[in-house]
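What follows is each chain in one-letter form.
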Amino acid sequence: MELLGRPIDETETERRLRALVARNAQAGNGVIDLLNLVGGRAEGLLDRLPPSLRARLNETTEEALRRAAEMAHRSRGVVGDQPGWMARALTTSMGAVGGIGGLPTALAELPITVTVLLRAIQDVAAEHGFDPSEPAVRFDSVQVFGAAGPLERDDGANLGFLGSRMTVTGPALNALIARVAPRLAAVLGQKLAAQTVPILGAAAGAATNYAYTRYYQDMAQVHFGLRRLAIDAGRDHSALCAEFRAMAQSTPGRVS
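Keep in mind that what you see is a predicted model, and the values were worked out from it rather than measured.

### A word on the packing of helix α1 (residues 10-26) against helix α10 (residues 201-233)
Relative to each other, α1 and α10 sit at 170 degrees, their axes nearing to 9 Å. Relative to α10, the element α1 lies roughly antiparallel. Like other packed secondary-structure pairs, α1 and α10 cross with a definite hand, here left-handed. Residues Thr-13, Arg-16, Leu-17, Leu-20, Arg-23 and Asn-24 of α1 form the contact with α10, whose own contacting residues are Asp-218, Met-219, Gln-221, Val-222, Gly-225, Leu-226, Arg-228, Leu-229, Asp-232 and Ala-233.

The following block contains the structure:
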């Protein structure tokens, strides 16, 4: 149950809105820096994966996301809310282990990383005062993966996941996962490819996991920050998201 006090004024609303726009603009910069280290652009990384794996990457990602949606929720009954740095530390270590053995170990590590990422997103929701056990919040947490990914600088694609919500049912969640999976698959494909870089596999896996975890935490801060702001300001959420998009699209971001 959320306690509603007096709505914040326009000055505070705009300040918080601009802070979220700035966070959105900087998200993904660490991944772009990482690509400069391991060499090439996103497309070049994906070309390093075997054709058979690229062909089934969407299916693999969708299955990992379905399992993660349940496992991340269950984990909350065992481990309480965690600070953001802990999730980054965990995925960083998992990425290093996944990169040691090349593609086979990277593939084995992938579904665990997706689960930790989703749990980290749920922790951000809790930070903003939302209950991750509620179906609507679990739905929104999966929706954060609908951001285009840290290597996409198309703000329209990155912001398209904001403000929409279908009826929260089991079929609706499955439909959302199917819709989100292709975008997440592209992100995870780049991660897998980075982990296959000769000699640098473990280091690249650790760095990639860290950067991607930070990216999705930033996207979760934007997503749930806007929902919190709509409540605190007494504003319509859809209208506030439209204002955010307009402000974000006029704010120059990092160009890869």
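### Section: the nonpolar core
Counting 41 residues, the largest nonpolar core has Leu-65, Phe-145, Leu-192, Tyr-216 and Phe-224 as its most contacted members. Listed by contribution, the elements that provide at least two residues to this core are α4 (51-75), α6 (103-127), α7 (135-143), α9 (170-195) and α10. Looking at which element gives the most residues to this core, the answer is α9, with 10 residues. Dropping the residues within four chain positions of it, Leu-65 is found in contact with Val-114, Val-142, Phe-145, Ile-177, Val-180 and Leu-184. Leu-20, Ala-230, Phe-244 and Ala-248 belong to the second-largest nonpolar core, a separate cluster that totals 12 residues.

### Digging into helix α5 (residues 84-100)
The periodicity of an α-helix, 3.6 residues per turn, causes residues three or four places apart in sequence to face the same way. For α5, spanning 17 residues, the distance from its first C-alpha to its last is 25 Å, which sits close to the expected 24 Å at 1.5 Å a residue. Residues of α5 that are buried: Ala-87, Arg-88, Thr-91, Met-94, Gly-95, Gly-98 and Gly-99. Seen from one end, α5 has its buried residues packed into an arc of 135 degrees, which puts them on one side. More than 90 degrees from the buried face of α5, the exposed residues found are Trp-85, Val-97 and Ile-100.

### What about the pattern of salt bridges?
What the rule picks out here adds up to 15 salt bridges. Its salt-bridge partner being Glu-70, residue Arg-74 comes within 3.2 Å of it at the nearest N-O pair. With a gap of 4 residues between them, Arg-74 and Glu-70 both fall in helix α4, about one helical turn apart. Residues Asp-123 and Arg-119 are paired through a salt bridge, measuring 3.0 Å at the closest nitrogen-oxygen approach. With Asp-123 and Arg-119 both in helix α6 and 4 residues apart, the pair spans about one turn of that helix. The buried category is assigned to Arg-119, whose relative accessible area is 9%. Several salt bridges share partner residues, and in doing so they unite Glu-10, Arg-235 and Glu-243 into one network.

Calculation criteria
- Residues numbered from 1 in each chain as written.
- Predicted model: local features only at pLDDT ≥ 70, side-chain atom pairs only at ≥ 80, totals over all residues.
- Heavy atoms only, no water.
- Axes fitted to C-alpha atoms, helices over the stretch in contact; angles between N-to-C directions.
- Helix = DSSP H or I, 4+ residues; strand = E, 2+ residues; numbered from the N terminus.
- Parallel < 35°, antiparallel > 145°, perpendicular 65-115°, else oblique.
- Left-handed = near helix turned anticlockwise from the far one by under 90°.
- Contact = heavy atoms within 4.5 Å.
- Core = buried A, V, L, I, M, F, W, Y, C linked by side-chain atoms within 4.5 Å.
- Buried < 20%, exposed > 50% of the residue type's maximum accessible area, 1.4 Å probe, protein only.
- Expected span 1.5 Å × (residues − 1).
- Arc of directions from axis to C-beta.
- Salt bridge = Lys/Arg side-chain N within 4 Å of Asp/Glu carboxyl O.

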